[in-house]
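The residues making up each chain are set out below.
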Amino acid sequence: MENILEINDLNVSFDTSAGKVKAVRGVSFSVEKGEAIAIVGESGCGKSVTAKAIMRLLPSPQAKIEKGSILLNGENIVLKSEKAMGKIRGNEVGMIFQDPMTSLNPTTKIGIQIAEGIIRHRRISKKEALEHAIKMLELVGISQPEKRIHQYPHEFSGGMRQRVMIAIALACRPRLLIADEPTTALDVTIQAQILQLMKELQQKTDTSIILITHDLGVVAEMCSKVVVMYAGEIVETGSVEEIFSKPTHPYTKGLLKSIPRLDMDKHEKLSTITGTPPDLLDPPKGCSFYPRCEMAMKICAEHKPEFEAVSPTQYSSCWLKHPMAKNRKQFV
Ligand code: SF4
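Residues numbered from 1 in each chain as written. Predicted model: local features only at pLDDT ≥ 70, side-chain atom pairs only at ≥ 80, totals over all residues. Heavy atoms only, no water.

Put simply, the test is: UniProt positions are given in the numbering used here, feature names are shortened, and annotations may be inferred rather than shown by experiment.
As annotated in an unreviewed UniProt entry, the protein chain carries the name ABC transporter ATP-binding protein and comes from Bacillus timonensis. The Sequence similarities (unreviewed entry) comment attached to the protein chain in UniProt states, word for word, "Belongs to the ABC transporter superfamily." Its UniProt record, at the heading Subcellular location (unreviewed entry), says of the protein chain: "Cell membrane".

## Thoughts on the pattern of salt bridges
Selection criterion: Here, a salt bridge means any side-chain nitrogen of Lys or Arg that lies within 4 Å of a carboxyl oxygen of Asp or Glu. Helical segments are the DSSP runs of H or I of at least four residues, strand segments are the runs of E of at least two, and each set is numbered from the N terminus. Note on classification: 1.4 Å probe, protein chains only; a residue is buried when its accessible area is under 20% of the maximum for its type, exposed when over 50%, partly exposed between these limits.
One pass over the full model with this rule turns up eleven salt bridges. The shortest N-O distance in the salt bridge between Arg292 and Glu42 comes to 2.9 Å. With Arg292 in the loop between helix 11 (250–257) and helix 12 (298–302) and Glu42 in the loop between strand 3 (36–40) and helix 1 (47–55), the pair connects residues that are 250 residues apart, well separated along the chain. With relative accessibility at 22%, the residue Glu42 sits in the partly exposed group. Its salt-bridge partner being Lys127, residue Glu131 comes within 3.4 Å of it at the nearest N-O pair. Within this pair, Glu131 and its partner Lys127 are both found in helix 5 (residues 126–139), separated by four residues, close to a single helical turn. Assessed through its relative accessible area of 61%, Lys127 is described here as exposed.

## So, the site of the ligand
Selection rule: The criterion for a residue being near a molecule or strand is simple. One of its heavy atoms has to lie within 4 Å of it. Amino acid classes used here: Ala, Val, Leu, Ile, Met, Phe, Trp, Tyr, Cys and Pro are nonpolar; Asp, Glu, Lys and Arg are charged; the rest, including Gly, are polar.
Inspection of the region around the ligand gives 13 residues, with Cys287, Cys293, Cys300, Cys318 and Trp319 positioned closest. Classifying every residue of the shell around the ligand gives twelve nonpolar, one polar and no charged.

## Notes on helix 8 (residues 188–205)
This is how the line gets drawn: By this rule the span expected of a helix is its residue count minus one, scaled by 1.5 Å.
For helix 8, spanning 18 residues, the distance from its first C-alpha to its last is 25 Å, which sits close to the expected 26 Å at 1.5 Å a residue. Positive backbone phi, at 60 degrees, marks Asp206, one or two positions downstream of helix 8.

## Observations regarding the domain arrangement of the protein chain
What counts here: Each domain's extent was defined by an automatic or database domain assignment. The contact criterion used is simple: two residues touch if any of their non-hydrogen atoms lie within 4.5 Å. Buried area: the accessible surface (1.4 Å probe) lost by two parts on joining, summed over both. Polar contacts, as counted here, are pairs of nitrogen or oxygen atoms within 3.5 Å of one another; within protein the pair requires one atom able to donate a hydrogen and one able to accept it, and residues that are adjacent in sequence qualify only if both atoms are side-chain atoms.
The domain boundaries assigned to the protein chain delineate domain 1 (3–92 + 174–330) and domain 2 (94–173). The gap between the C-alpha centroids of domain 1 and domain 2 is 29 Å. Taken together, the 30 residues of domain 1 in the interface contact 18 residues of domain 2. If you sort the residues of domain 1 by the area they bury against domain 2, Pro174, Leu197 and Leu201 come out on top, with a joint share of 22%. Across the contact surface, domain 1 and domain 2 share zero salt bridges. At the boundary of domain 1 and domain 2, one finds eight residue pairs in polar contact (both at pLDDT 80 or more). Residue contributions to the side of domain 1 that touches domain 2 peak at eight residues, all from helix 8. In terms of residue class, the side of domain 1 that touches domain 2 is built from 15 nonpolar, eight polar and seven charged.

What follows is the structure in structure tokens.
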């Protein structure tokens, strides 16, 4: 199938007073038309930086795309001017941010906030744009949309504000929607409703989705492919079935073990991955997960494992796949 997005060898760094933080290193993945993929990993792993790089919303001048390409519909947007990106954001690519209360303008009525993007990209009248805003509120399941467009964000509940964010992101029918932790601030019932809504909209509008989350539980709900990031790199990728039933990377396994299960004893403690991610001012020479990995071998500290195929659709970077690792003593 046709790729809507193709990222090749993306490297992003941040200039800080302590030096250059290599936040994203050698990231490559693609999203097909109509496909929903998830990028998972703990805080600081580079998933949100990757999303902001796609939107070209990295803070300037501190952040810099050092290397790599981001092909949107075959065009490298890394090279586009700010003016050209203004036409892409909200139009070809929509984004739902984590916290709707800080992403929505508290002083502007909801209808205007939805209509703004439509007026900018579609060049239609304010009246027509507001009619479209009513339709969008209806689409995301908000009752009495004719009345609601005249209200302010503080008059909406958390779940409704997140629905408004989805309405804004989808108002111009983008072909790609990036949802960065879209349900983190919501309780589990509302979280399930929002995920269900995004899934329905994806099917209705054939929009491709990149869901960014630290919660593997929400991934199975709506994605077909998973990209696992650790310390600015992709460590494993595969179909949802492969990642959930046959994970190969110790970090992916650790993430899966940390999801609460229904059959857990009430006294059973949740599994955690001990330690902290490496300092990206000076990333490790070998495998980035080495200091926290229970399966680590001597070679892991010295040499970076290749990102290799485990199956036609699953890839992983871990020395455990090497034939010699079967006799771990040779490697330890
Ligand atoms: Fe663990 Fe080594 Fe695999 Fe890294 S390469 S995840 S340290 S076994």
